[in-house]
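Chain by chain, the residues run as shown.
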Amino acid sequence: ASSIVALRLRGNLEQPRAALVIQAGELQGQGNIALHPFATQPLASLNLILNGINPQRFSADFPMANLNLAVNLQQTAQNSLQGNLNLQNTQPRPIDQSGVPLRQTHMRISLADETIVLDEIAILLGQAKDMKANLSGNVTWHMDSAAGFANIDVHRLNPALLDTRMQSASLS
């Protein structure tokens, strides 16, 4: 099977832009990136969609999954980056079955002044029949001090969704 990776560059040295197209078997994607390489925040925007990501294609030691990723980040007037990240796994399975138990996640991202904030985190685990198992909350990480905090709410999580060798329960 043939693969295509195309990168088209435009703009100038002060504001380069790139468009990306990937067609490599099941992996399909496209994206756009805009840079300000001499600014405090060099990434001006990132819009990326990748479908059909299977970690096991990169290494046999990695779990199998079928991940679809969408990232949209835009620079704000305050020189921070803000946007959304969505990740969907169409083949969730437990870790002990060489899988990734994540079914879907969504979060808002903010990057500013050596701080990463993940807000409105919504994580669904397991198969569709397990729709009640989810996590939600927010995370803040300060890169300069390598410290942070998280506030994660657990709703009806069955540990056996993560690893079938674990005892079934409903954690909240």
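In this text the structure is predicted, and so the values were computed from the model without any measurement. (Residues numbered from 1 in each chain as written. Predicted model: local features only at pLDDT ≥ 70, side-chain atom pairs only at ≥ 80, totals over all residues. Heavy atoms only, no water.)

**Q** Run through the pairing of strand S8 (residues 115–125), naming residues and quoting values.
**A** Side-chain positions along a regular strand alternate between the two faces of the sheet. Here strand S7 (residues 102–112) pairs with S8 via 9 bridges, running antiparallel. From the neighbouring strand, alanine 112 faces S8, where its bridge partner is threonine 115. Counting the residues in the hairpin turn of S7 and S8 gives 2 residues, including aspartate 113, whose phi is positive at 45°. (Pairing = 2+ DSSP bridges. Helix = DSSP H or I, 4+ residues; strand = E, 2+ residues; numbered from the N terminus.)

**Q** Lay out the environment of glutamine 74 in plain terms, naming residues and giving numbers.
**A** Its location among the elements puts glutamine 74 in strand S5 (residues 67–75). For the pair glutamine 74 and serine 110, spaced 36 residues apart in sequence, the C-alpha separation works out to 9.6 Å.

**Q** Explain the nonpolar core residue by residue, including any values.
**A** With 18 residues, the main nonpolar core has Leu50, Ile53, Leu69, Leu85 and Leu87 as its most contacted residues. Within the residue set of this core, elements represented by two or more residues are strand S2 (17–24), strand S4 (43–53), S5, strand S6 (81–89) and S7. The element contributing the most residues to this core is S5, with 4 residues. Filtering out sequence-adjacent residues up to four positions away, leucine 87 remains in contact with Leu67, Asn68, Leu69, Leu102, Arg103, Gln104 and Thr105. (Core = buried A, V, L, I, M, F, W, Y, C linked by side-chain atoms within 4.5 Å. Buried < 20%, exposed > 50% of the residue type's maximum accessible area, 1.4 Å probe, protein only. Contact = heavy atoms within 4.5 Å.)

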